[in-house]
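Coordinate inspection notes
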Amino acid sequence: MSPGLFSVHFSFWVDGIPIREFKNLESAGIPFPKRQPMRIYSSLWNADDWATRGGIVKTDWSQAPFMVSYRRFCADACILYSGTSSCSWDSPPWISQVLDSTDQKKMKWVEDNYMVYNYCTDSERFPHGLPTECFP
């Protein structure tokens, strides 16, 4: 695997809309997962004491069981096998893609309309200062 292969950033997209971007801020001392394989996990958990607007929104347990499902899920990724990546620097095109201003606006819209909790604004959870990655 080329050392620079995953050194820029990575992003998550849903239906063609970016919902999260992780930039490489190693120069600011923030670790970035560029040399190890990654996995995507999805889970549901009860965090209504801190993750739902500071505990304002409570879980409606009468709606249980809570389930999530995915249709037509496609992970477009490079596969690491025996230390070698299935991708080279020039393929696929998304590997060096940076969000343009239109995509950044779309992601901001998602954050404004769907994000319930952002740890980068939670000064109660981090009374001694927000994590470094919150100040790129």
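For the structure itself, consult the block above.
Note that the coordinates shown come from a computational prediction; the quantities given were computed from them, not determined experimentally.

Moving on to the packing of aromatic side chains. Going through the model one piece at a time under the given rule, you end up with three aromatic pairs. Taking the centre distance of 5.9 Å and the plane angle of 90° together, the rings of Phe12 and Phe22 count as edge-to-face. Separated by 10 residues along the polypeptide, Phe12 in strand β1 (residues 9-14) and Phe22 in strand β2 (residues 17-23) bring together distant segments of the chain. What makes Phe12 partly exposed here is its relative accessible area of 29%.

Let's shift gears to the state of the cysteines. Inspection of every chain in the model, using the stated rule, returns one disulfide. Through a disulfide, Cys120 is tied to Cys134; the S-S separation comes to 2.0 Å. The chirality of the disulfide connecting Cys120 with Cys134 is left-handed, given an S-S dihedral of about -80°. With Cys120 in the segment after α1 (101-114) and Cys134 in the segment after α1, this pair connects stretches of sequence that are 14 residues apart. Here Cys120 falls in the partly exposed class, since its relative accessible area comes to 22%.

Here we take up unusual backbone geometry. Residue Pro65 is bonded to the preceding Ala64 through a cis peptide linkage, with omega at 5°. The residue Pro65 is located in the loop between β2 and β3 (80-81) in this model. With phi around 50°, Asp15 is a residue other than glycine that occupies positive phi space. Tracing the backbone shows Asp15 in the loop between β1 and β2. Judged by its relative accessible area of 75%, Asp15 falls in the exposed class.

The terminal C-alpha atoms of α1, which comprises 14 residues, lie 20 Å apart, in line with the 20 Å expected from a rise of 1.5 Å per residue. If you follow the buried residues of α1, they end up packed against β1 and β2. If you check the start of α1, you find a side-chain oxygen 3.1 Å away from the backbone N of Thr102, and it comes from Asp100.

Rules behind the numbers
Positions within a chain are numbered from 1, following the residues in the order the chain's sequence is written. Since the coordinates come from a predicted model, pLDDT governs what is reported: local features require at least 70, and pairs of side-chain atoms require 80 or more to be given and counted, while whole-chain, interface and lining totals use all residues. Working from all heavy atoms in the structure, the side-chain values ignore hydrogens and water. A pair of Phe, Tyr and Trp rings is counted when the ring centres sit within 6.5 Å of each other, with Trp represented by its six-membered ring. The angle between the planes then sorts it: under 30 degrees is stacked, over 60 is edge-to-face, the rest tilted. Working definition: helices are DSSP H or I runs of at least four residues, strands are E runs of at least two. Numbering for both runs from the N terminus. Relative accessibility thresholds used throughout: buried, under 20% of the residue-type maximum; exposed, over 50%; partly exposed, between the two (1.4 Å probe, protein chains only). The term disulfide is used for any two cysteine sulfur atoms that are within 2.5 Å. By definition here, a helix of n residues has an expected span of 1.5 Å times n minus one. Throughout, a contact is declared for two residues whenever any of their heavy atoms are within 4.5 Å. Distance and chemistry together define a polar contact, namely a pair of N or O atoms within 3.5 Å, with one atom able to donate a hydrogen and the other to accept it when in protein, and with adjacent residues in sequence counting only for side-chain atoms on both sides.

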